[in-house]
Amino acid sequence: MAEDYYRVSLADSELPTQWYNIIPDLPSPPPPPLHPGTLEPAGPDDLAPLFPMELIMQEVTGESYVDIPGGVLDVLRLWRPSPLFRARRLEKALDTPAKIFYKYEGVSPAGSHKPNTAVPQAYYNHQEGVSRLTTETGAGQWGSALAFACAQYNMACEVWQVAASYRQKPYRKTMMEIWGAKVHSSPSDVTDYGRKLRAENPDHDGSLGIAISEAVAVAGADPNTRYALGSVLNHVLLHQTIIGEEALKQLALVGETPDVLVGCTGGGSNFGGLSFPFLREKLAGRMNPTVRCVEPAACPTLTKGEYRYDFGDTAQMTPLLKMHTLGHSFIPDPIHAGGLRYHGMSPLVSHIYDLGLVEAVSISQSECFAAGLQFARTEGIVPAPEPTHAIAAAVREALACKESGESKVILTAMCGHGHLDLAAYESYLSGAMVDLDLSEEALAAALSQVPTLATV
Ligand SMILES: *Cc1c(COP(=O)(O)O)cnc(C)c1O
């Protein structure tokens, strides 16, 4: 590789053929999900109405590696392996001795990392004869990824899009419709729960928790319909590890190992996808990167939430998950990083954070957009609002290197482009953007809603 490389590419033949499961490598497994009625660990039968058996098995597998089916690889090949970039122009603008790398997932059809799991989820459902998938979407990224994936296997797709984002991002809806999906603004008048909320407040902003409740209710009522979740669960993080496996090979090609790895965390999937293969190397003593989650100050799940069992959705229909949570009824302010507006966290990322294997930091949205703008003006790519959090953390780290004179290697999860998030940039550029950081009072009120489970 030439000394002055900007982009590190892998040959098509280097596409990983297995996903990596970090659980067997951890000192202890994450606590299991609990059935909300019995408070016993939820078994495969409890999850069967919502998910295909193959995904349920992946959720609990003890194997370190899971083969990626050929029918999935054929679709992933449309955009994978994805490029790793060295952000030399950003480094220069920051006048830092640090080396900044970013693994770019915006090259997928939907423009984010989400198709990495949407495709296998649609594939396994299709294999088991399911004809329709339902889901929620916040920023619209997951809904468009699943719409694209369902189109690949000729399946119907129905999406509940959080009302605030439905209003802010009309083109995401069009994109989902282009791929054949049906899109509802959530709360919708399709479900009992949605109708109840709309009666109370016709201008409801919605939330991911509410949209999940609606999509789950519709899937649970029809045997040919199942539900797909774009983040949080073990099998989703498993599918995303293809990102980190590629990045490991790409950094090896240029003879680098990361000192710091940063990724934004909404439900934890792009962060887990990039970081878990590196954590495997760290746990085996082969490298020692600091690994850091970055979350919005408006929804600081890891840094301010409590680590306890809570519902994944607002209507309390899902199993109880042990995770860092702000409370299932918490509705974050409508910040522009819609994909990071979730009250909970992946139980696996929460567990790894609890074990002290990763760090977390929260950053306000104006600092993130400032970093995103600097990134766009130097590197050219307009980042989605979510990864501007990772970029802001990388910028902080690079500026610390400028102070200390260290030339650390920083690896950043650049999980999507922002071409359909221009209203957010417009708000920033016009000076209208305000920071909506969570206040102590709002935090206390949100946490008081978490169920108290004396038995767990
Ligand atoms: C969905 C999404 C996120 C948040 O989800 P994670 O599971 O935490 O990755 C972040 N960035 C983008 C671009 C997304 O689409």
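Look up: the structure comes first, before these words.
S.K.: Before we move on, could you go through the overall build of the chain and cite the residues and values that matter?
M.R.: For the chain, the count of helices and strands is 18 helices and 15 strands. A globule of 456 residues ought to have a C-alpha radius of gyration of about 23 Å, and the chain, at 20 Å, matches this closely. Surface summary for the chain: the accessible area is close to 16500 Å², and the carbon and sulfur share equals 50%. Separation between the mean location of the 33 positive side-chain charges and that of the 51 negative ones in the chain comes to 5 Å.

S.K.: Hey, could you go over the pattern of salt bridges for me, with residue numbers and the actual values?
M.R.: The full count for this structure, using the stated rule, is 25 salt bridges. When the shortest N-O distance is used, the salt bridge between Asp95 and Lys402 registers 4.0 Å. Linking Asp95 in the loop between helix H4 (88-94) and strand E5 (99-104) with Lys402 in helix H16 (residues 387-404), this pair joins segments that are 307 residues apart in sequence. Residue classification places Asp95 among the exposed residues on the basis of a relative accessible area of 54%. As a salt-bridge pair, Glu128 and Arg226 come within 3.8 Å of each other at their nearest N and O atoms. Of this pair, Glu128 sits in the loop between helix H5 (115-127) and strand E6 (132-137) while Arg226 is found in strand E9 (residues 225-227), placing the two residues 98 residues apart along the sequence. Classification of Glu128 as partly exposed rests on a relative accessible area of 34%. On the accessibility criterion, Arg226 (15% relative accessible area) is buried. Within this structure, Arg80, Lys103, Glu105 and Glu246 form a network of salt bridges that share partners.

S.K.: How would you explain the sheet that holds strand E14 (residues 359-363) if you had to name every residue and give the values?
M.R.: One open sheet accounts for seven strands, arranged E1-E4-E5-E15-E10-E11-E14; its pairing is mixed. The sheet terminates laterally at strand E1 (7-8) and E14, the two strands that pair on one side only. As judged from the three bridges shared by strand E10 (residues 260-264) and strand E15 (residues 409-414), these two strands associate in the parallel manner. Pairing of Val262 across the sheet is with Thr412, part of E15. Packing against the sheet, helix H15 (residues 365-379) makes contact with strand E4 (84-86), E5, E14 and E15, and its axis sits at approximately 95 degrees to E14.

S.K.: Any details on the pairing of E5? Residues and values, ideally.
M.R.: Within E5, five of the six residues are buried, which leaves it mostly tucked inside the rest of the structure. In terms of strand pairing, E4 meets E5 through three bridges, oriented antiparallel. Looking across to E5, one finds that Phe85 is bridged to Tyr102.

S.K.: Explain the site of the ligand to me, using residue names and the numbers behind them.
M.R.: Around the ligand, the structure places 16 residues, and the nearest of them are Lys114, Ser231, Gly266, Ser269 and Asn270. For the ligand, an oxygen atom lies 3.0 Å from a polar atom in the side chain of His113. Look at the ligand: alone it shows 380 Å² of surface, and the protein chains cover 97% of it. Looking at the shell around the ligand, its residues break down into three nonpolar, 11 polar and two charged.

Reading the values: rules and limits
Residues numbered from 1 in each chain as written. Predicted model: local features only at pLDDT ≥ 70, side-chain atom pairs only at ≥ 80, totals over all residues. Heavy atoms only, no water. Helix = DSSP H or I, 4+ residues; strand = E, 2+ residues; numbered from the N terminus. Rg over C-alpha atoms; globule rule 2.2 N^0.38 Å. Areas by Shrake-Rupley, 256 points an atom, 1.4 Å probe, with all protein chains shown as cover. Lys, Arg positive; Asp, Glu negative; His and termini not counted. Charge placed at Lys NZ, Arg CZ, Asp CG, Glu CD. Salt bridge = Lys/Arg side-chain N within 4 Å of Asp/Glu carboxyl O. Buried < 20%, exposed > 50% of the residue type's maximum accessible area, 1.4 Å probe, protein only. Pairing = 2+ DSSP bridges. Contact = heavy atoms within 4.5 Å. Axes fitted to C-alpha atoms, helices over the stretch in contact; angles between N-to-C directions. Near = heavy atom within 4 Å. Polar contact = N/O pair within 3.5 Å; in protein donor to acceptor, adjacent residues only side chain to side chain. Nonpolar A, V, L, I, M, F, W, Y, C, P; charged D, E, K, R; others polar.

On their own, these measurements won't tell you what the molecule is for.
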